Amino acid sequence: MKANIRASLHLYFIAGTQDMRHLSGDPAENLLKILKQALESGISCFQFRDKGQFSLVAQPKAQADLAQKCRRLCHDYHIPFIMNDDVELGLAVGADGIHIGQSDGNVKQIIERLKKQNLIFGLSINTLEQLQHYRHYDAIDYFGIGPIFPTDSKPDHSAALGVDFLDNLPQLAIDKPCVAIGGINTTNATRLRQSGIDGLAVISAITQAPDICLAVRQLKAAPIILNNR
Ligand code: TZP
Ligand code: MG
């Protein structure tokens, strides 16, 4: 799974039960249904991000059970299953990787914990300073850069970076694969891909899409303009 992370980032779907609130019925079942449709339509990576008061975080067994089911589905479609934040849950359910944000604990300690695991390790980047700081960390496999736009999916998000941030990335010659996140939808995807970013990560553009298959196709079809990285 570590082999081609850049390609895996192309359309990176993120979701948890808290993202199912607009739907009636069981949130865990709804997540599995949406994930299956997204996989069938061609997402390239999935991150299980189940957090906050509307998630299964207070029901660890149900949460682990759901994570296992998502992991199995992802593997049926041969794409990486990444666990957000929770290193121990990720290890317990056989995740292919772990993604953490800037406020999810000590990055060096997590790198140490994962040292012998050969898992994909992704880090969220919210500022240019963070990017310059972490760009030379060998243990980090990719960066999640955002939020590009304000978004309701992460109420505590930091200041939006804007499209300019992505447009300026090639000049920084960052060696690691980068995926953009935050407020990305079928309308702005083409513009974002013009920056040369390796991939787009979305929650609501898929979870709230009236037609998931169509949304995935539109998010994927946005042309890739190669940059000089
Ligand atoms: N990190 C930065 S923005 C964000 C996360 C998890 C939420 C993205 O959700 P959406 O619905 O694709 O804007
Ligand atoms: Mg986090």
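Rules behind the numbers
Sequence order as written defines the numbering, with residues in each chain counted from 1. Going through the entries in the order they are written, you letter the chains from A and number the ligands from 1. Where local features are concerned, this predicted model is filtered to residues with pLDDT of at least 70; where side-chain atom pairs are given and counted, the filter is 80 or more; whole-chain, interface and lining totals use all residues. For helices the rule is a DSSP run of H or I covering at least 4 residues; for strands it is a run of E covering at least 2, with both sets numbered from the N terminus onward. We call a residue exposed when 12 or fewer other C-beta atoms sit within 10 Å of its C-beta, buried when the count reaches 20 or more, and partly exposed for counts in between; the C-beta positions come from the backbone. Note on terminology: a nonpolar core is any set of buried Ala, Val, Leu, Ile, Met, Phe, Trp, Tyr and Cys residues joined through C-beta atoms within 7 Å. For every residue pair, C-beta atoms are placed from the backbone, and the pair is scored as a contact if these atoms sit within 7 Å. UniProt positions are given in the numbering used here, feature names are shortened, and annotations may be inferred rather than shown by experiment.

**Here's the deal with unusual backbone geometry**
Note the cis peptide between Gly-146 and Pro-147, where omega equals 0°. By the element assignment, Pro-147 lies in the loop between β6 (142-145) and α7 (163-172). Even without being a glycine, Asn-118 presents a positive backbone phi close to 55°. With respect to the secondary-structure elements, Asn-118 resides in the loop between α5 (107-114) and β5 (120-125). On the basis of neighbour counts, which here come to 11 C-beta atoms within 10 Å, the residue Asn-118 falls in the exposed class.

**What to know about the nonpolar core**
Membership of the largest hydrophobic core comes to 63 residues, with the highest contact counts inside it found for Phe-13, Phe-46, Val-179, Ala-180, Leu-200 and Ile-206. It is helix α2 (residues 27-41) that provides the largest number of residues to this core, a total of six residues. Apart from residues lying up to four places away in sequence, Leu-200 is in contact with Leu-11, Tyr-12, Val-179, Ala-180, Ile-184, Ala-189, Leu-192 and Leu-219.

**Quick look at the UniProt feature "binding site: 4-amino-2-methyl-5-(diphosphooxymethyl)pyrimidine" (unreviewed entry) in the protein**
UniProt feature "binding site: 4-amino-2-methyl-5-(diphosphooxymethyl)pyrimidine" (unreviewed entry): in the numbering of this structure it lies at Gln-47, Phe-48, Arg-49, Asp-50, Lys-51, Asn-84, Ser-124 and Lys-154. Discounting chain neighbours no more than four positions away, the residues touching Phe-48 are Gly-16, Ala-67, Cys-70, Phe-81, Met-83 and Asn-84. Summarising the element assignment, Asp-50 is placed in the loop between β2 (45-48) and α3 (60-76). Excluding residues within four positions of it along the chain, Asp-50 makes contact with Gly-16, Thr-17, Gln-18, Ser-55, Leu-56, Val-57 and Gln-63.

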